[in-house]
Amino acid sequence: MVLYKADLRDIYFNLFDFLNLPTLYPQFNDQDIRSIIEEFNKFMSQEVWPTREMADKAGVHINNGVVTVPTCFHELNQKFCENGWFKLGYPEEIGGIWVPYAVSIACTSLLNGANASYSIFIELTHGAMNIILKFGTPQMKEQWISPMMEGQFGGTMCLTEPGAGSDVGALSTMATPRSDGKYQIKGTKLFISAGDNDLYKNIVHLVLARTPGAPKGTKGISLFMVPKFSYDGQSNDVVCNKIEEKMGIHGSPTCELVFGGNDNCVGEIIGQECEGMAQMFVMMNEVRLFCGVQGESQANLAYMLSESYARERIQFGKPIIDLPDVKRMLLKMRSKARGLRALNLYIGSLFDRKHLGEITEAEIALLTPISKAYSTDEGFNVCVEACQVHGGYGYIKDYAVEQFVRDAKIATIYEGTNGIQAMDFLTRKVLKDQAKILNELFLKIHIAIKKAQPYGWHKELALLSLSIAKTKDILNFYEKSKTSKMDAVLGTAVDFLNYISRIVLAWLLLEQASLAKEKLGLIRDADGEYLESKITDYLFYSHQDLALNAGLFHSICVFGEDYSKIIV
Ligand SMILES: Cc1cc2nc3c(=O)[nH]c(=O)nc-3n(C[C@H](O)[C@H](O)[C@H](O)COP(=O)(O)OP(=O)(O)OC[C@H]3O[C@@H](n4cnc5c(N)ncnc54)[C@H](O)[C@@H]3O)c2cc1C
């Protein structure tokens, strides 16, 4: 088995040097946070990573309606929960172990890198718990939170139906009121992650359904808590019809679930009728960030393994890491993967600052589709590059990298495809408020550019300023086109999201390069090589990725082609 690796140095640089986490929470010092992450990472290396390939080979099975997960997950889940790792990030009042949000994101990333299919169980249960905590009745919290917290019960989110994928508003599962205030649930849900399994004694499904007479579309959708077994242990008529054969995440069962096939499935409403989409968005936004972390984590680990391999593999009498094209691939992988880490940890710190009442969630909302779409697209690309660095050994299974490609791809599709994220970003996060929040972000970037002037990266800083300035032209172009050619505008949404994502990543890498430069000016110690690498990341990303924005600008504005009229 290939040795597990993690770049804790870079995680600490983000949390302490860049985000200054202990100044937000004086109750945590650097050492407290390091100890948590080091212990968590030890568990990843010793317990989680060894199950990754095993679970990929074993897969999930269904026999007489019973869904089984890889055997190794049972012991792993027990140890994970006994060690208290499931409780990380939750308040002590409900039995949790509270840590700053950015620290839980760092740990989630390590978990996801070590085994993407196992981490799906954890994140979905976290997501379901969060909804019950936020919107559930006191009785729901009393009954369901504790067994979820102890790792006895799992959670799912059930949106998708055969006729309702991206178009969630088309769903047809029905929830009919009963005389006891509960609802009778009837319908079929498709592609439900962890929808059935033998890892948990019970599964708490959060189901979107429609009540009789509710308005059409998303406005008529309500949210229900529908357990696999009722609280007193009776079957609740939720049946797994089939599990999907799929490209990756083989340890995670993707289930078709029939609710109320025998008219005997009972659910409780969460909140009020027709409020379901707003509540589910709380879970979806978290899970979208989790998707971003999925892309970033796979990319970072794939880079670490590729870098080790390239040092050892000899061709033409030298390690391949010394060959120019291999070096280019590795630098491209590292600058992107670390940039994505910086993005997701930065968003984590925004959650912390929101929790402390310092900011609203406007910037989080702006950056969530960027995290979801750009981290997963580019994370996947980094995984593909990892195969290339390994040559033929990257295509076969021995070096563990082809699994990254198979496991990472799904994150570009679920939780709203990246195309849907791009439309959400362009229309709801940028055009709707005349780019107010985006422009506020640009102000921060201008400050970083000004601060970096003494460091002499003139061409790179000018490139970043130019990309920002040209955004104004793109937005003017959209403003002019949107009434008569909205389809044409939407056709460029993915380009626009990529354009802004590159500005954001270049900015975060610039901030970190500036910090590294300051530190290098103060002392030259063993850390010098790492600090130099942070500067290289920024310069390389500017030359290879940010530079592509010039082409995208042309594609969107200068050619300004309306492809929506072309017949495919
Ligand atoms: C392994 C796996 C796990 C999953 N887990 C869950 C889960 O736990 N819970 C759950 O509810 N669902 C889950 N899903 C479902 C997943 O969220 C959907 O597959 C996804 O939202 C896309 O829906 P769809 O497959 O119907 O594709 P479609 O909606 O048919 O989309 C097909 C293509 O059309 C594009 N498209 C669709 N509408 C538009 C539009 N208006 N404008 C532009 N482009 C558009 C899409 O971007 C995509 O490229 C899972 C799926 C898989 C494969």
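Our subject is the structure that appears above.
In short, a report on the structure. (Residues numbered from 1 in each chain as written. Predicted model: local features only at pLDDT ≥ 70, side-chain atom pairs only at ≥ 80, totals over all residues.)

Comments concerning the overall build of the protein chain
Across its full length, the protein chain carries 19 helices and 12 strands. Compactness check: the protein chain gives a C-alpha radius of gyration of 24 Å against a globular reference of 24 Å for 568 residues, within 12% of the reference. The proportion of buried residues among the 568 residues of the protein chain is 49%. Considering only contacts in the protein chain between residues 6 or more positions apart, those separated by 24 or more positions represent 76%. (Helix = DSSP H or I, 4+ residues; strand = E, 2+ residues; numbered from the N terminus. Rg over C-alpha atoms; globule rule 2.2 N^0.38 Å. Buried ≥ 20, exposed ≤ 12 C-beta atoms within 10 Å, placed from the backbone. Contact = placed C-beta atoms within 7 Å.)

A closer look at the site of the ligand
Inspection of the region around the ligand gives 20 residues, with Leu159, Gly165, Ser166, Thr417 and Gly419 positioned closest. Broken down by secondary-structure element, the contributors of at least two residues to the shell around the ligand are β3 (153-158), β5 (183-193) and α13 (418-431). Classifying every residue of the shell around the ligand by side-chain character gives nine nonpolar, nine polar and two charged. (Near = placed C-beta within 6 Å. Nonpolar A, V, L, I, M, F, W, Y, C, P; charged D, E, K, R; others polar.)

Re the packing of helix α10 (residues 362-389) against helix α17 (residues 493-522)
With their axes 10 Å apart at the nearest point, α10 and α17 run at an angle of 100° to one another. If you check the angle between α10 and α17, you find them roughly perpendicular. Between α10 and α17, the contacting residues are Pro369, Ile370, Ala373 and Tyr374 on the first element and Leu497, Asn498, Ile500, Ser501 and Val504 on the second. Split into classes, the residues belonging to the contact of α10 with α17 amount to seven nonpolar, two polar and no charged. (Axes fitted to C-alpha atoms, helices over the stretch in contact; angles between N-to-C directions. Parallel < 35°, antiparallel > 145°, perpendicular 65-115°, else oblique.)

Observations concerning unusual backbone geometry
Leaving glycine aside, a negative phi is the common case for residues, and trans is the common case for peptide bonds. A positive phi angle, near 50°, is found at Asn64, a position not held by glycine. Mapping Asn64 onto the fold places it in the loop between β1 (61-63) and β2 (66-68). A positive phi angle, close to 60°, is found at Glu415, a residue other than glycine. You can see Glu415 is positioned in the loop between α12 (402-409) and α13.

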